[in-house]
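# Residue-level structural notes
Chain by chain, the residues run as shown.
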Amino acid sequence: MRDILEMLKKSVGLDEEVKEPEETETIIVPEHSFYEIILLKAKSTGDVDDALSQVTEEKNPVILDLTEIQRDNPSDFKTVGERIKDLRENHGAEAILLCNKEKNVVIITPREIKLIRKG
């Protein structure tokens, strides 16, 4: 009788051990493996050009302090503003003024990084 029950269990599949599914780890790999955030205190338009090339070529965000340029050479400050505007219009970059009281600090990001204003 026991043999018959064991044979029925095997044929139905009741005697097999229940295997638990193995845990799988999901890894999300971004398209751009990492971003370097460049912090730069610009002293000349050349420094600004270097920072903007980081945004367009390397796709890295830049936090740019323009206080010295504004204080020392207002005409260069205006030129820098026009370059940032051009970058936004022609390359899809985003720029937000972070500080405007004593310092002029701007964050500029490539098209792939979206900035969201809250508050």
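Reference entry: report on the structure contained in this document. (Residues numbered from 1 in each chain as written. Predicted model: local features only at pLDDT ≥ 70, side-chain atom pairs only at ≥ 80, totals over all residues. Heavy atoms only, no water.)

Bringing helix H4 (residues 74–91) into the picture now. The first and last C-alpha atoms of H4 sit 25 Å apart over 18 residues, in line with the 26 Å expected at 1.5 Å per residue. Among the residues making up H4, those that are buried are Val80, Ile84 and Leu87. Burial along H4 is one-sided: seen end-on, the buried residues are contained in an arc of 55 degrees. For H4, exposure combined with an orientation more than 90 degrees from the buried face picks out Pro74, Lys78, Lys85 and Glu89. Taken together, the buried residues of H4 touch helix H2 (45–56), helix H3 (67–72), strand E3 (94–99) and strand E4 (105–109). (Helix = DSSP H or I, 4+ residues; strand = E, 2+ residues; numbered from the N terminus. Expected span 1.5 Å × (residues − 1). Buried < 20%, exposed > 50% of the residue type's maximum accessible area, 1.4 Å probe, protein only. Arc of directions from axis to C-beta. Contact = heavy atoms within 4.5 Å.)

Right, let's get into the pattern of salt bridges. Per the stated rule, a full pass over the model turns up three salt bridges. The salt bridge partner of Arg83 is Asp49, with a shortest N-O separation of 2.6 Å. Here Asp49 lies in helix H2 and Arg83 lies in helix H4, a separation of 34 residues in the sequence. In this structure, Lys114 engages Glu94 in a salt bridge whose closest nitrogen and oxygen atoms are separated by 3.8 Å. Here the residue Lys114 occupies a position in the segment after E4, and Glu94 occupies one in strand E3, the gap between them amounting to 20 residues. (Salt bridge = Lys/Arg side-chain N within 4 Å of Asp/Glu carboxyl O.)

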